[in-house]
Amino acid sequence: MGAKIGVTFFCAFLLSTATMATESLPRTVTTYGKGVITAIPDQATVPMELQAENKNSATAKSSVDKQFNRLLNALKDAGLSEEKITAGTVRLYPQYNYKNQMRRFTGYKAIRHTTITIDNLENLSQIIDTSLEVGIAQIGDISFGLSNKKEFEDRARQMAIEDSKVLAKQLAEAYGAKLGRIMQIKYSDATDPNFYSRPMTRFGEDMSTLRTEGATAGVYLPDTVTFSDRVQVVFELL
């Protein structure tokens, strides 16, 4: 009889504990809000490279400097302000010719990288043509962006916030509940694959994505820029 009472008491204790645990669980709903917005780029960044070779290092450097001065003057004449032009330092590299397993020094190659930012895309074709005419050795991948990038980042984030609110309210009403206070907000968690660490910008980053309209027109049609943001929020249910 004593054993039977003990077992009954133990089962009642477990049931009571499970009931208390269930009652203590918070009533919440977790939603993920996402905001996506696209825009047409109004800005282009064009990396360029100047090169010169000579047996004398000083002469090679001087040649590159003169090229850059010609480029700078030509770009100014084309309407580009000097603050939109960034030029790195000149780098010198020894050059060798290999023949019959022998290395022979042939001189120095001077390289100078410069980057220009174009705010009016209608001038992009003209500026590229002007740069080539003054002897630019190489034009790198053209990237497109927005001068008011932050505005679109903020809009994408606000869209994600509103999306999370709307979804949470719909879910709560569907289950006969109401939304209470916000319990948790999760954002910019780089370790979570479900989140972007920051608003994502996507655009054509190389010349292969730069479409041209007509072989002679030189009209560039860049891809759109997409901003995407995401947020997770936990609401209390009433």
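A.B. asks: For the environment of Lys-150, give the residues involved together with the corresponding values.
C.D. replies: Tracing the backbone shows Lys-150 in helix 4 (residues 149-174). Put simply, Lys-150 and Phe-227 are 77 residues apart on the chain and 10.0 Å apart in space, counted from C-alpha to C-alpha.

A.B. asks: Run through the side chain of Ser-164, naming residues and quoting values.
C.D. replies: Mapped onto the fold, Ser-164 is located in helix 4. Those residues in contact with Ser-164 that sit more than four places away from it in its chain are Thr-31, Tyr-32, Gly-33, Val-231, Val-233 and Phe-235.

A.B. asks: I'd like a rundown of the environment of Val-233, residues and numbers included.
C.D. replies: Here Val-233 lies in strand 12 (residues 225-237). We classify Val-233 as buried; its relative accessible area is 5%. Taking the C-alpha atoms as reference points, Val-233 and Thr-31, separated by 202 residues in sequence, lie 5.6 Å from one another. Excluding anything up to four places from it in sequence, Val-233 contacts Val-29, Thr-30, Thr-31, Ser-164, Ile-182, Gln-184 and Ile-185.

A.B. asks: Requested: an account of the pattern of salt bridges, with residues and values cited.
C.D. replies: Under the criterion given, the structure shown has 11 salt bridges. Lys-76 is the salt-bridge partner of Glu-82, the closest N and O atoms lying 2.8 Å from each other. With its nearest N and O atoms 3.1 Å apart, the salt bridge here joins Arg-157 to Asp-154. Residue Arg-157 and its partner Asp-154 are located together in helix 4, separated by three residues, close to a single helical turn.

Cut-offs and rules
Residues numbered from 1 in each chain as written. Predicted model: local features only at pLDDT ≥ 70, side-chain atom pairs only at ≥ 80, totals over all residues. Heavy atoms only, no water. Helix = DSSP H or I, 4+ residues; strand = E, 2+ residues; numbered from the N terminus. Contact = heavy atoms within 4.5 Å. Buried < 20%, exposed > 50% of the residue type's maximum accessible area, 1.4 Å probe, protein only. Salt bridge = Lys/Arg side-chain N within 4 Å of Asp/Glu carboxyl O.

Keep in mind these numbers describe shape, not what the thing actually does.
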